[in-house]
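# Geometric and topological summary
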There are 2 protein chains.
Amino acid sequence: MSGVPPTPIPTPDRPPSGEAPEEDAISSHAERTMSARPSGRIAVAGRRRAVIEAISPQVDGGRFAIKRVVGEAVTVEADAFADGHDAVSVMLLHGPEGEPWTETAMEPLGNDRWRASFGVDRLGRYGYGIEAWTDAWRTWRGDLEKRLAAGQDVTVDVLIGAALVDAAAARADGPDRAELEARAAELRGPSDATARAHGALDLALDALMSRHADRSNATRSDALAVVVDPVRARFSTWYELFPRSTAREPGRHGTFRDVIERLPYVAGMGFDVLYLPPIHPIGRRFRKGPNNVTTASEHDPGVPWAIGGPEGGHTAIHPQLGTLDDFRDLVREAERRGMAVALDIAFQASPDHPAVRDHRTWFRQRPDGTVQYAENPPKKYQDIYPFDFESADWDGLWQHLCEVVRFWIDQGVTVFRVDNPHTKPFAFWEWLIGEVKRDHPEAIFLAEAFTRPKVMYRLGKLGFSQSYTYFTWRNTKWELQSYFEELSRPPVADFFRPNAWPNTPDILHETLQHGGRAAFQARLILAATLSASYGIYGPAYELLQATPRDPGSEEYLDSEKYQLQHWELDDERSIAPLIGAVNRIRQEHPALQWNGRLDFHPIDDDQLICYTKRSPDGADIVLTVVSLDFRNPRSGTLELPLEWLGLPPDAPYEAEDLLAGGAESWHGGRHEIAIDPAALPARIVQLRRGAGDPGVR
Amino acid sequence: MSGVPPTPIPTPDRPPSGEAPEEDAISSHAERTMSARPSGRIAVAGRRRAVIEAISPQVDGGRFAIKRVVGEAVTVEADAFADGHDAVSVMLLHGPEGEPWTETAMEPLGNDRWRASFGVDRLGRYGYGIEAWTDAWRTWRGDLEKRLAAGQDVTVDVLIGAALVDAAAARADGPDRAELEARAAELRGPSDATARAHGALDLALDALMSRHADRSNATRSDALAVVVDPVRARFSTWYELFPRSTAREPGRHGTFRDVIERLPYVAGMGFDVLYLPPIHPIGRRFRKGPNNVTTASEHDPGVPWAIGGPEGGHTAIHPQLGTLDDFRDLVREAERRGMAVALDIAFQASPDHPAVRDHRTWFRQRPDGTVQYAENPPKKYQDIYPFDFESADWDGLWQHLCEVVRFWIDQGVTVFRVDNPHTKPFAFWEWLIGEVKRDHPEAIFLAEAFTRPKVMYRLGKLGFSQSYTYFTWRNTKWELQSYFEELSRPPVADFFRPNAWPNTPDILHETLQHGGRAAFQARLILAATLSASYGIYGPAYELLQATPRDPGSEEYLDSEKYQLQHWELDDERSIAPLIGAVNRIRQEHPALQWNGRLDFHPIDDDQLICYTKRSPDGADIVLTVVSLDFRNPRSGTLELPLEWLGLPPDAPYEAEDLLAGGAESWHGGRHEIAIDPAALPARIVQLRRGAGDPGVR
């Protein structure tokens, strides 16, 4: 790293929707370019000779920011070169938004490719960009070395060098300037030209000249952006529960106080995010009854996503859950146990939502004077009114919804699970997340979109910190392998952070319906070891709830979405102990706390899947083998690329079974693994060089 | 295709150097974006819900134009989608620069990908871009069909539809408006709502509504550019000769009149570009003698690239070659025989160039008052002064050099081979080629850069129509295959058009030095069948000149660069007849006239290389097998993917040997090929369905 030039880092943000500026992109683009330029006029700085191409990482040519968390590094590469044979110097500029750039010289990798890294140590946005220039001093110096080696007369060359040093002196001040003036004088001095030339090759002068390089014709790339999130945006372990089902006594409506009592249980399993479905008043009109019947009795509690009633809307608390003070207590108590409370942002209204009365224009009107309810023709959801983002008052609506998020941040919430973001405009989310994170860079937004691939990725690109995935529907070896390879590598890994859920209140996959206990165990271990963030909907999960509402449905029977439930947490079949063990392994192993360095390995059984994850420094290696056959014992021989993994190919290394306990000494890359799903359908093994191995770090 | 909206196509050009605008890209970028926006203000058109991503083809995110030739098609794909479930309509906008857009509806390919094509029938620049919008009419119509299928009451829905039709009527005029008003009235009519709904589903109304779709919130992509060149930019066959060596009598300096006499010989071999090294006066000071010795005698003719003497510079004719009138005669006579004369653009000066006197500031001064000569330390080239593109008067220099090109265009020249473009700034070439082609879109520029890969590609991107390649140094099967696969596919194929040369006056590869006649034959056939454009430096090539100046050198002995040569064209060893045969095959086979659809096929001999090329419509299939062993007979079994090639896997097909003559009936994909280099080291075979085959087109 070298000195800090005075230019502050411009905000490398883009407008909230690159496709939606006020003017047509095509027209405004043209205004800036050739059509505005009279024929023959030269409108460029013709002496800028270096060019910069193919900067990585970047998302869609810089349209979106890449994502990192605090403490990570951003390793930037680019092609940079110029015409001719002059030396090119390349500088990485980087730093927190709004502060002056820091500079790091980039190192050549060959083939005109350059690389440098910088660390991101603070929450918020950073910018980075590249500056490259043809470096007259380095060119002169390199040529001079060749001339001297060839024994040529360098009388004129030292004078050329002296002029370069003079020019640098003029750019410098203080001691540097004096020193450069002295060195220029030396170069012009009375002694032998060859001797003066040799004198000019010392590294002190070179460093001085680099510090005051002539960058008047340097080329600069566009600025690219990094969003730096808290570590939890990358590594998090989620537990979803319905507060209303947390009462000790069956039949009573649970409260935030009950949830506080439940915290030790959840924290004990090693979760660090407690996610609550909407906690707001629930609409009465068209309220749904148990199992989604369209007529509810007076005592049916309704669907928490039908938000809004006489008691208030998105900033109110459902009275049966308690008060805002109770909620703040819950947030505080959870935090004391290392857990964040995540709220559900579901931007839609019940017919009883105050906004339906106060902001009628935020909803679409039907010609019969009624408000347009949600539909997926021919299905009708008359208990839900979607906001109309094409409203003439769309900007008023945006501001209002942003205020909702700010309200909950003011109550101490920083983690939000966003319901169906793909049914609201992309530009809205990009704006909202940008607005919120400008003041609260600690905020985390999880996109609950189970939709088409490009829509899922767009939501990641525009700013969601984490995203639900297709994990639930990826069950074969090939599906899991190809999907997680895609998620764990650039470009996807730079903007999309998976949060893998084996179940949700909406999704009870047939694998769980039919796979028995082993399926619940296997799917949990897959989620927990393939993805740095994962979550379960409990206690349905640990209590192995597997009955669908109808055959072929992914809906739970007697789902908590429509009614209260009472859970017997101390059921002896509960897999809570296994979940606790897996989450402890995740906490102890950096390899499992990020999504990089995931490698699948061959194993000669189609029902066994085998992969390693490694920590960024490569020191922590966790091997996971999971059986996708939940009924029969399986065995297969896996093949590990030991050198690639940093393990000794010709010496024993240790394999510690992190779940079953016990350590073995392994030798060579091939290893037979036997798995009996009746015991446990997976093995999680830490691999490390043996204590006696000289290669041990 | 549908109607033409009034917006003219903006010039989709970019500034000559994207990296070199007058202001720093990083700063100016910031000015346009978030830092200029007060916190909280919404600066986007929030109702634009469609987004557009991943448009192809494009070069470096639209920074550079893609290349096509007249008569080709541009097939554009993009991802386009919106939030929610509304129907999205996607339109490809395209057309010649400065004219109103033409529109073509894009077809969905699934997975939110869309495709449409347009033809480019005129020289010059075209623009293309994409517009996408959520289509309320198509959404309503699709929903209505589902409601009707479910037997729902649609009383309110028809009123919603009527409002959409009313709104379209307001956007229309003339008969369309009247028709739409009538249809809206019908929708509101007294008859049964279900009947009215069915009535609204007819295709006539749908077409009318599409024509007047509500695009007020449409999203537009940036405009992308296509440079449309003459067909010769893609398919050309070059012959280079030194005019001064064309005299019938040994020892006499050849003239343009001699070249005119040589035309039947060159045209007879099937060449369509005759490329002449520089034809300008040659400097006297530091003139080089035969074989590049640094002292020349008074009678040595000098190096044509040492441009400029008392008789003039880049717009003058070397007196010994003739007059400008003679040159124009040559251009005309060549044209009469179907050949373009290509001139050499070598932007450098001899010490005697008039610019050295008249524009001293265009050259770098040394502290001793002399002009900086060319160097590659420790080597010095004192007969050449490079222009100083960092001169304070760089723009004057640019204008002057552009005038040189315009001068030769005024003499009828449209094809230019540019000497060492990689030693002049990229921004200069981008500007110059843009300027020239604005008025003369027929101009073709061939980049003679043998340098690093990214520099070569940059020159292609910024505007060179064709480029020399590494072909000369790609001699093994693996080298040829991987190189031409890279060149023949996107992204490279969209901006870089190879022109393959087995030899040049500067490059006599050791393959030719040691390979004998078969090497000359094989390398010619490789160039002519792998690359749509290729060239040779003759008569050295057809007369099998193979002697280097020194062992290990790629320089010719007694090179024409430094002295006159006399060539015995009727030498019986000449391979001119083979060259003529190969070039006729190229003219008869569209498969060989472009660079797409090149596929290499397995053949079980490492010294045999096997590939097919197919015409864009797939009808013309040319199989080439070349032996890279120039001494020994070889044979191998090749494997053709018949279905992929459109040939019958289960029926005989014809294989006509285009060089040796004769046709065979082949059956199945495996075929044994024997090649004896003593006869001919290659086979060129046309494959086609048999006459009795019902699949014959």
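We now turn to the structure provided with this report.

Definitions and cut-offs
Residues numbered from 1 in each chain as written. Chains lettered and ligands numbered in written order. Predicted model: local features only at pLDDT ≥ 70, side-chain atom pairs only at ≥ 80, totals over all residues. Heavy atoms only, no water. Helix = DSSP H or I, 4+ residues; strand = E, 2+ residues; numbered from the N terminus. Buried < 20%, exposed > 50% of the residue type's maximum accessible area, 1.4 Å probe, protein only. Contact = heavy atoms within 4.5 Å. Pairing = 2+ DSSP bridges. Axes fitted to C-alpha atoms, helices over the stretch in contact; angles between N-to-C directions. Core = buried A, V, L, I, M, F, W, Y, C linked by side-chain atoms within 4.5 Å. Patch = residues over 30% accessible without salt bridge, like charges linked within 9 Å, V, L, I, M, F, W, Y side chains within 5 Å. Areas by Shrake-Rupley, 256 points an atom, 1.4 Å probe, with all protein chains shown as cover. Salt bridge = Lys/Arg side-chain N within 4 Å of Asp/Glu carboxyl O. Lys, Arg positive; Asp, Glu negative; His and termini not counted. Charge placed at Lys NZ, Arg CZ, Asp CG, Glu CD.

## Thoughts on the environment of Pro548(A)
Residue and element names in this part refer to chain A.
- Inspection of the secondary structure puts Pro548 in the loop between strand S22 (533–537) and helix H17 (576–588).
- Given a relative accessible area of 17%, Pro548 falls into the buried group.
- Setting aside residues no more than four positions away along its own chain, Pro548 makes contact with Leu508, Gln513, Ser553, Glu555, Tyr556 and Leu557.

## Examining the environment of Gly460(A)
- In this fold, Gly460(A) is placed in helix H13 (residues 453–462).
- The contact partners of Gly460(A), leaving out residues within four places of it in the chain, are Lys67(A), Ser467(A) and Phe495(A).

## Things to note about unusual backbone geometry
Residues and elements named next belong to chain A.
- In this structure, Pro539 follows Gly538 across a cis peptide bond, with omega equal to -10°.
- Phi at Asn111 is positive, roughly 55°, even though this residue is not glycine.
- Its place among the elements puts Asn111 in the loop between strand S6 (107–110) and strand S7 (113–119).

## Considering the sheet that holds strand S27 (residues 653–657) of chain B
All names here are of chain B.
- The strand order across the open sheet built from six strands is S23-S24-S25-S30-S27-S28, with neighbouring strands paired in antiparallel fashion. Each having just a single partner strand, strand S23 (598–600) and strand S28 (663–666) make up the two edges of the open sheet. Each adjacent strand pair in this sheet contributes to an overall mean axis angle of 25°, direction not counted.
- Contacting S23 and strand S24 (608–614), helix H13 (residues 477–488) runs over the sheet at an angle of about 150° to S23.
- Those strands touched by helix H14 (residues 510–530) are S23, S24, strand S25 (621–627) and strand S30 (682–689), and its axis lies near 30° from that of S24.

## Comments concerning the nonpolar core
- Ranked by internal contacts, the top residues of the largest apolar core, which has 162 residues, are Phe327(B), Phe347(B), Trp429(B), Leu432(B) and Phe445(B).
- When sequence neighbours within four positions are dropped, the list of residues in contact with Phe327(B) reads Phe256(B), Leu276(B), Ile279(B), Ile317(B), Val341(B), Leu343(B), Trp408(B), Gln411(B) and Val413(B).
- Among the nonpolar cores identified, the runner-up in size contains 161 residues, and Phe64(A), Met269(A), Phe363(A) and Val436(A) belong to it.

## Remarks on a negative patch on the surface
Residues and elements named next belong to chain A.
- A cluster of acidic residues, Glu568, Asp570, Asp571 and Glu572, forms a negative patch at the surface.
- Looking at the element boundaries, Asp570 is found in the loop between S22 and H17.
- Classification of Asp570 by relative accessible area gives exposed; the value is 67%.

## Notes on the sheet that holds strand S3 (residues 73–82) of chain A
Residues and elements named next belong to chain A.
- Here four strands make up an open sheet; going across it, the order is S1-S3-S7-S6 and the pairing antiparallel. Whereas interior strands pair on both sides, the edge strands pair on one side only; in this sheet they are strand S1 (50–56) and S6. Averaged over all neighbouring strand pairs, the angle between strand axes comes to 35°, with direction disregarded.
- Two strands pair when backbone bridges link them, and S1 and S3 are joined in this way by five bridges, in the antiparallel orientation. Its bridge partner being in S3, Ala50 is matched across the sheet by Ala82.

The values reported here are purely geometric and, on their own, carry no functional implication.
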